[in-house]
Amino acid sequence: IKSDLKRIDRVIALSKDQKDLISNTLGIESNKIEIISGGFNQDSFYHAQKPENRIVQILYAGKLSVAKGVPWLLKSLKKIKNQPFKLHLAGSGAGEEKEICLSLANKMGSKVEYHGPLTHSKLADLMRQCHLFVLPSFYEGVPLVLIEALACGCRIVATSLPGVIQVLG
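The paragraphs below set out a description of the structure included in this document.

**Section: the overall build of the chain**
Phase 1 of the analysis: A tally of helices and strands in the chain yields seven helices and seven strands.
Phase 2 of the analysis: Each helix (α) and strand (β) of the chain, taken in turn from the N terminus, gives the series α-β-α-β-β-α-β-α-β-α-β-α-β-α.
Phase 3 of the analysis: Taking the average location of the 22 positive side-chain charges in the chain and that of its 15 negative ones, the two points are 8 Å from each other.

**Remarks on the sheet that holds strand β3 (residues 56–61)**
Phase 1 of the analysis: Sheet architecture is open: five strands sit in the order β5-β4-β3-β6-β7, paired in parallel fashion. The open sheet has two edge strands, β5 (112–116) and β7 (155–158), and neither has a second partner. Averaged over all pairs of adjacent strands, the angle between their axes in this sheet comes to 25 degrees, without regard to strand direction.
Phase 2 of the analysis: Bridge analysis of strand β4 (residues 85–90) against β5 gives four bridges, and the strand direction is parallel. Bridging from a neighbouring strand, A90 pairs with G116 of β5.

**Quick notes on the nonpolar core**
Phase 1 of the analysis: Grouped together as the largest cluster of nonpolar side chains are 37 residues, with contacts concentrated most on L59, L74, L87, L89, M127 and F133.
Phase 2 of the analysis: Every element with two or more residues in this core is listed here: β3, α3 (70–78), β4, α4 (95–106), α5 (120–129), β6 (132–135), α6 (144–151) and α7 (162–168).
Phase 3 of the analysis: Not counting chain neighbours up to four residues away, the residues in contact with F133 comprise L59, Y60, A61, M127, V145, L146, A149, C154, R155, I156 and V157.
Phase 4 of the analysis: V11, A13, I22 and I33 belong to the second largest nonpolar core, which has five residues in total.

**Quick notes on the side chain of K19**
Phase 1 of the analysis: Along the chain, K19 turns up in helix α2 (residues 16–26).
Phase 2 of the analysis: Although K19 lies buried, it forms no salt bridge, and the closest oppositely charged side chain, D20, sits 6.4 Å away as judged by the N-O distance.

**Observations concerning the packing of aromatic side chains**
Each aromatic ring pair is described using two quantities: the centre-to-centre distance and the angle formed by the ring planes.
Phase 1 of the analysis: For the structure on display, the rule yields one aromatic pair.
Phase 2 of the analysis: Taking 5.1 Å as the distance between ring centres and 90 degrees as the angle between the ring planes, the aromatic pair formed by W72 and F138 counts as edge-to-face. Of the two residues, W72 sits in helix α3 while F138 sits in the loop between β6 and α6, which places them 66 residues apart along the sequence.
Phase 3 of the analysis: Residue placement shows K111 over the ring face of F85; its charged tip is 4.3 Å from the ring centre.

**Focus: α4**
Phase 1 of the analysis: Under the 1.5 Å per step criterion, the end-to-end length of α4 is 17 Å for twelve residues, consistent within 8% with the ideal 16 Å.
Phase 2 of the analysis: Looking at the buried residues of α4, the elements they touch are α3, β4 and β5.

**Notes on the pairing of β4**
Phase 1 of the analysis: For β4, the buried fraction is high: five of the six residues fall into the buried class.
Phase 2 of the analysis: Crossover β3 to β4 through α3 is right-handed.
Phase 3 of the analysis: Handedness of the crossover joining β4 and β5 through α4: right-handed.

Rules behind the numbers
- Residues numbered from 1 in each chain as written.
- Predicted model: local features only at pLDDT ≥ 70, side-chain atom pairs only at ≥ 80, totals over all residues.
- Heavy atoms only, no water.
- Helix = DSSP H or I, 4+ residues; strand = E, 2+ residues; numbered from the N terminus.
- Lys, Arg positive; Asp, Glu negative; His and termini not counted.
- Charge placed at Lys NZ, Arg CZ, Asp CG, Glu CD.
- Pairing = 2+ DSSP bridges.
- Axes fitted to C-alpha atoms, helices over the stretch in contact; angles between N-to-C directions.
- Core = buried A, V, L, I, M, F, W, Y, C linked by side-chain atoms within 4.5 Å.
- Buried < 20%, exposed > 50% of the residue type's maximum accessible area, 1.4 Å probe, protein only.
- Contact = heavy atoms within 4.5 Å.
- Salt bridge = Lys/Arg side-chain N within 4 Å of Asp/Glu carboxyl O.
- Phe/Tyr/Trp six-rings, centres within 6.5 Å; stacked < 30°, edge-to-face > 60°.
- Lys NZ or Arg CZ within 6 Å of the ring centre and 35° of its normal.
- Expected span 1.5 Å × (residues − 1).
- Right-handed = clockwise from strand over helix to strand, strands pointing away.

Shape descriptors only; they carry no functional weight alone.
Quick look at the structure:
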């Protein structure tokens, strides 16, 4: 299909890395590929004063899975003994990987709260309550959730992946 794809007038890519991949893999000229990243809803995701709290509120939002690094996040936080924090897990998952994540979370007792899947509005509300957003993924495209968390005033901790670097610079 490569010969047919070369006749395409324009291709949209989410990142420079994806643009390069499309060009190299499919043989499409680079000047035919436009980078158009995602945006976010400023009416939902906006900064508000964080609550005064001695407990650091940490948020992970996404799929409860191994590829997203959730088990390692939970195991790392479990080692923190003398610093007050609360981890909020928001999102869904399936099967054994979700169960592994929830089992590790349950072992941490009241230090972890599982919210399940949230609407954008509820996620934005939670982001405005949290100090730190963590994205421990081993793979990400262009994680719009980082921009949303920044818009809500969260500090960010994330793995150094191409999509993360593109979003955060």
